[in-house]
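Residue-level structural notes
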Amino acid sequence: MIHLTSDAVKELKRLGKYRQEDLKQCRLRIGVQPGCCAGFSYSLSFDTAMDHDDIAIDSEEIAVVINRQDLNTLDGLTIDYSEDLMGGAFRFLNPNAFNTSDCGNSFSLPSADSSS
């Protein structure tokens, strides 16, 4: 399950209008990419296509799509949006992340050897 806060939904709708995306036909694609300072980073984009490995999830008025291979990593993820003196940004709260960078967009996962 992926949760979008009301502030995240509001910002996604604003961005959709700004980009002239029809959010009734478009989905928010959430993904995980290798790289960045902690090992992995989140990706967000609007997408109209679905691949055979994708899973569609309805989350607070926004249709979400994720690749099946990212499902375990993103399960339980909460995405928020907030603004401060440095600007606005999406914030990620991931219960599966082992370590999150200071920027909040980069994280590591527990390694398979950490159980020993």
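Below is a short write-up of the structure.

What counts and how
- Residues numbered from 1 in each chain as written.
- Predicted model: local features only at pLDDT ≥ 70, side-chain atom pairs only at ≥ 80, totals over all residues.
- Heavy atoms only, no water.
- Helix = DSSP H or I, 4+ residues; strand = E, 2+ residues; numbered from the N terminus.
- Polar contact = N/O pair within 3.5 Å; in protein donor to acceptor, adjacent residues only side chain to side chain.
- Contact = heavy atoms within 4.5 Å.
- Salt bridge = Lys/Arg side-chain N within 4 Å of Asp/Glu carboxyl O.
- Buried < 20%, exposed > 50% of the residue type's maximum accessible area, 1.4 Å probe, protein only.

Let's shift gears to the side chain of D54. Here D54 is to be found in strand β4 (residues 54-59). Within the structure, D54 has its side chain in polar contact with the side chain of R29 (distance 2.7 Å). At 2.7 Å, the side chain of D54 forms a polar contact with the backbone nitrogen of D51. What D54 contacts, discounting residues up to four positions off in sequence, is R29, A49, V65, I66, N67 and R68.

Glancing now at the pattern of salt bridges. Applying the stated criterion across every chain yields a total of 4 salt bridges. Put simply, R29 and D54 hold a salt bridge, and the shortest N to O gap is 2.7 Å. Taken together, the residues span a long stretch of sequence, with R29 in strand β2 (residues 27-34) and D54 in strand β4 at a distance of 25 residues. A salt bridge links R91 to D84, with the nearest nitrogen and oxygen atoms 3.5 Å apart. By relative accessible area, which is 31% here, R91 ends up partly exposed. On the basis of relative accessibility, which here comes to 45%, the residue D84 falls in the partly exposed class. The structure contains a network of salt bridges with shared partners spanning R29, D47 and D54.

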